[in-house]
Amino acid sequence: MNSFVEHVKKCAPKLRSTCGRIREKIVHFFETDIARPGVPDRERMVKEFSRSAADRRQPKPWEIRTPSMLLETVHYLVTIVLPDSRRPYYQRFEFIFDRMRAIRQEMVIQNLSAGEVLPILEPIVRFLCYSAYRLCESPIAEFDPKICAQHLQECLKKVLRCYEEIDQANTAVPDSNRFEMERLYLSFNIGSLEATQSAITRYGASEPKLRLHITTQLQCHRGNYFGAMQNMFKFAPLEAAVASLQLPWFRRQILQQFSIAYQSRVQTVPLEWLESILHYEGSERTCLLDDCRHYNLQLAHRDNEQRSGDGNRNWTVKFEKAQFDAQRSAIRARKVSPIEDVLERCRNISRMLLDGVYE
């Protein structure tokens, strides 16, 4: 009986906050009864994000979830809602993203310590990284990559600041994921001078756990985008996924370099060679022709034979500095076959996002 009373007390704030939404009929699909569609299920309802406003009252103490309850809510969202395939992934993301914003809001209101913030915020960082990659091909009506990137950047920087606070306080954090978060920060900000300088300032350029990522950053700054791409595919699965969002920009830079270094009015190179250099693999191979046309590269059939329905091996490309359209922005990110294959082999995405463990 005592345990039941404690459970009711713990859930009381949640129940009070959900009554209004049930009354106003603004209950989300993932908050309804599985067996009875459309019927609200109080046990599945999660506090939604509410934007701060001057005319909005401050929440009462009993309306704020404790750090342990915030962590429990994160686990619920990632282990129960995320795998729920009754709705497409972008709808699951929309729901989880909103509820995680509410969690982050309550963390700020309570001014939680770094040790309390990290176990809550690190799974949120992984979720945003994974979602940014998984939804990168979705139309803007379903997913806005800029908003996701903005929140991911904020969360990553907050996590790294928490580790700095812990260092200043000389307190130890068990099972620290610090270097994983540093690698995700570098992967998401691949090619960023600020990210490179901050990592080198904190750890030096020879830290073994960051060496590959810092080397990749330095290659970007030197203009060696081919080397940076080669290294990117050696990252851990989630790091490679979020780094691949910059792959179209790398390809654009390489094509522009080739247009200067290999320009010729006569000579051409096989498109098949370009396919290999730029890592167009799997279904992405069919996009290479259109991508070349996007930057106004000159294409021609080999031996001037006009064929239809043939692959890249029957095409050649001519590089001319004056023809490359430098005003064109990089093509939107797409899923990359090798990374997609690795993530599909992951048997437990929820565990990867919660603990950073790939299996």
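Just above, that's the structure.
Everything quoted here is computed from the prediction, not taken from an experiment. (Residues numbered from 1 in each chain as written. Predicted model: local features only at pLDDT ≥ 70, side-chain atom pairs only at ≥ 80, totals over all residues. Heavy atoms only, no water.)

Caption draft 1: Just unusual backbone geometry, in detail. Even without being a glycine, His279 presents a positive backbone phi close to 60 degrees. Locating His279 in the fold gives a position in the loop between helix 12 (271-277) and helix 13 (288-294). In this model, Asn296 sits at a positive phi of 65 degrees, which is unusual for a non-glycine residue. (Helix = DSSP H or I, 4+ residues; strand = E, 2+ residues; numbered from the N terminus.)

Caption draft 2: Spotlight on the pairing of strand 3 (residues 315-318). Here strand 1 (residues 269-270) runs beside strand 3; their pairing, made up of two bridges, is antiparallel. Opposite Val269, over in strand 3, you have Val317 as the bridge partner. Note: strand 2 (residues 298-301) against strand 3, four bridges, orientation antiparallel. For Leu299, the partnering residue across the bridge sits in strand 3 and is Val317. (Pairing = 2+ DSSP bridges.)

Caption draft 3: Fine view of the sheet that holds strand 2. Sheet architecture is open: three strands sit in the order 1-3-2, paired in antiparallel fashion. Lying at the two open borders of the sheet, with one neighbouring strand each, are strand 1 and strand 2.

Caption draft 4: How the structure looks around the side chain of Ser131. You can see Ser131 is positioned in helix 4 (residues 114-134). The exposure class assigned to Ser131 is buried, which follows from its relative accessible area of 0%. Among all residues touching Ser131, those that are not within four sequence positions of it are Tyr89, Phe93 and Phe143. (Buried < 20%, exposed > 50% of the residue type's maximum accessible area, 1.4 Å probe, protein only. Contact = heavy atoms within 4.5 Å.)

Caption draft 5: Fine view of helix 9 (residues 225-232). Burial analysis of helix 9 places six of its eight residues in the buried class, the great majority of the element. Those residues of helix 9 that fall on the buried side of the exposure criterion are Tyr225, Gly227, Ala228, Met229, Asn231 and Met232. Buried residues along helix 9 sit in contact with helix 8 (211-221), helix 10 (237-243), helix 11 (247-261) and helix 12.

Caption draft 6: Quick look at the pattern of salt bridges. According to the stated counting rule, one finds 23 salt bridges in the structure shown. A salt bridge links Arg21 to Glu48, with the nearest nitrogen and oxygen atoms 3.9 Å apart. Of this pair, Arg21 sits in helix 1 (residues 2-23) while Glu48 sits in the loop between helix 1 and helix 2 (67-81), and the two are 27 residues apart along the sequence. By relative accessible area, Glu48 is classed as partly exposed at 31%. Among the ionic pairs, Asp84 bridges to Arg44, the shortest N-O distance being 4.0 Å. Note that Asp84 is positioned in the loop between helix 2 and helix 3 (89-110) and Arg44 in the loop between helix 1 and helix 2, a separation of 40 residues in sequence. Assigned by exposure class, Asp84 and Arg44 land together as buried. (Salt bridge = Lys/Arg side-chain N within 4 Å of Asp/Glu carboxyl O.)

Caption draft 7: Representation of the packing of aromatic side chains within the structure. Counted under the stated rule, the structure contains 14 aromatic pairs. Between the aromatic rings of Phe93 and Phe97, the centroid separation amounts to 5.4 Å while the plane-to-plane angle is 25 degrees, which identifies the pairing as stacked. Residue Phe93 and its partner Phe97 are both found in helix 3; the two are separated by four residues, about one turn of the helix. Look at Phe93 and you get buried, because its relative accessible area is 7%. Taking the centre distance of 5.9 Å and the plane angle of 35 degrees together, the rings of Tyr225 and Phe250 count as tilted. (Phe/Tyr/Trp six-rings, centres within 6.5 Å; stacked < 30°, edge-to-face > 60°.)

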